[in-house]
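# Results of the structural survey
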Amino acid sequence: MSTPPFTVLIPARMASTRLPDKPLADIAGLPMVVRVAQQAAKSGAAQVVVAADDARIVQACAAHGVKALLTRTDHASGSDRLAEACTLLSLAPEAIVVNVQGDEPLIAPQLISAVAQLLAAQPDAAMGTAAHPIASAQEFANPNVVKVVCDARGMAHYFSRAPIPHARDAAAGSAWWQSAAAGIAPLRHIGIYSYRAGFLRDFTALAPAPTEQIESLEQLRALWHGFRIAVHTTPDAPGAGVDTPADLARVREWFTEQRHL
């Protein structure tokens, strides 16, 4: 099945406690949000649009040929920002939108395309996302690593910061090994999403879920209200994202090395 036409939307918010002005951070001569947009453009998307909360981001994108929209500054989440962008772009309710985070300059274009394809392959899914196998017990136990458990069709059962699935009789520290040995490889959730534009607009009007608030995971709102989330499983971990100055230094080093290959 060929990938249907889709739009990539990149939410970009200037405020960041750990890395101020993050979207405009220089990476090998280009603002980070522009690097993300360039990667997204390789996915085969019909259009790539940055949804920004600051005119400086829009101006930086325009200077490098990237389409950007100025959205409101009071959105509670990236999903709310993208819902406004869908309205500003007059996207049809059935139009497929892929949410690519603005701090993922190394995201694989093939991953974006695969997540877009999910909604065509699983028409009863309201959302699509991605995951990859967890590689260590330390990663499995880390609450900053979000885990997902899927059913036989690749639909998400649940997302959690806790180590799931958890082997009931596992000794301390061995739950990851027992789950893997049982043929249920624990999966790390990758923060990329696809939606139909109509659902994205409706999603932001849904009441927050208790599970969402406990886990601090917005995607649990969809499951709480009975919507399905299809999960694309890839063998590869995504490229490093940028949350801190140390992350930025590593990504800059990667781009510098690539220029000398």
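Right above here is the structure, for reference.
Residues numbered from 1 in each chain as written. Predicted model: local features only at pLDDT ≥ 70, side-chain atom pairs only at ≥ 80, totals over all residues. Heavy atoms only, no water.

## Some points on the state of the cysteines
So the rule is basically this: Disulfides are defined as cysteine sulfur pairs within 2.5 Å.
Inspection of every chain in the model, using the stated rule, returns 0 disulfides. Residue C86 stays outside any disulfide, its sulfur separated by 17 Å from that of C61, the closest cysteine.

## Quick word on unusual backbone geometry
Going by this rule: A run of H or I in DSSP counts as a helix once it spans at least four residues, and a run of E counts as a strand once it spans at least two, with each numbered from the N terminus. Note on classification: 1.4 Å probe, protein chains only; a residue is buried when its accessible area is under 20% of the maximum for its type, exposed when over 50%, partly exposed between these limits.
Residue I164 is joined to P165 through a cis peptide bond whose omega torsion reads -5°. Summarising the element assignment, P165 is placed in the loop between β9 (156–160) and α6 (175–181). The backbone of A28 shows a phi angle near 50°, a positive value even though the residue is not glycine. Looking at the secondary structure, you find A28 in the loop between β2 (26–27) and β3 (30–31). Phi is positive for S90, which is not a glycine, with a value near 55°. With respect to the secondary-structure elements, S90 resides in the loop between α3 (78–88) and β6 (96–99). S90 sits in the exposed class, given a relative accessible area of 64%.

## Here's the deal with the side chain of S160
Stated precisely, the cut-off is as follows: Side-chain atoms alone can form a polar contact between residues adjacent in sequence; in general such a contact is a pair of N or O atoms within 3.5 Å, and within protein one must be able to donate a hydrogen while the other accepts it. Between two residues, a contact is recorded if the distance between any of their heavy atoms is within 4.5 Å.
Note that S160 resides in strand β9. A distance of 2.8 Å separates the side chain of S160 from the side chain of E215, its partner in a polar contact. What S160 contacts, discounting residues up to four positions off in sequence, is V145, V146, K147, E215 and L217.

## A look at helix α1 (residues 32–41)
Burial analysis of α1 places 8 of its 10 residues in the buried class, the great majority of the element. Listed in full, the buried residues belonging to α1 are M32, V33, V34, R35, V36, A37, Q39 and A40.

## As for the pattern of salt bridges
Operational definition: Every case where a carboxyl oxygen of Asp or Glu lies within 4 Å of a side-chain nitrogen of Lys or Arg is listed as a salt bridge.
Going through the model one piece at a time under the given rule, you end up with 10 salt bridges. With its nearest N and O atoms 3.0 Å apart, the salt bridge here joins R56 to D54. What makes R56 partly exposed here is its relative accessible area of 42%. A salt bridge links R250 to D247, with the nearest nitrogen and oxygen atoms 2.4 Å apart. Within this pair, R250 and its partner D247 are both found in helix α10 (residues 245–259), separated by 3 residues, close to a single helical turn. Using a relative accessible area of 14% as the deciding quantity, one classes D247 as buried. Connected through shared salt-bridge partners, K22, D103 and D243 make up one network.

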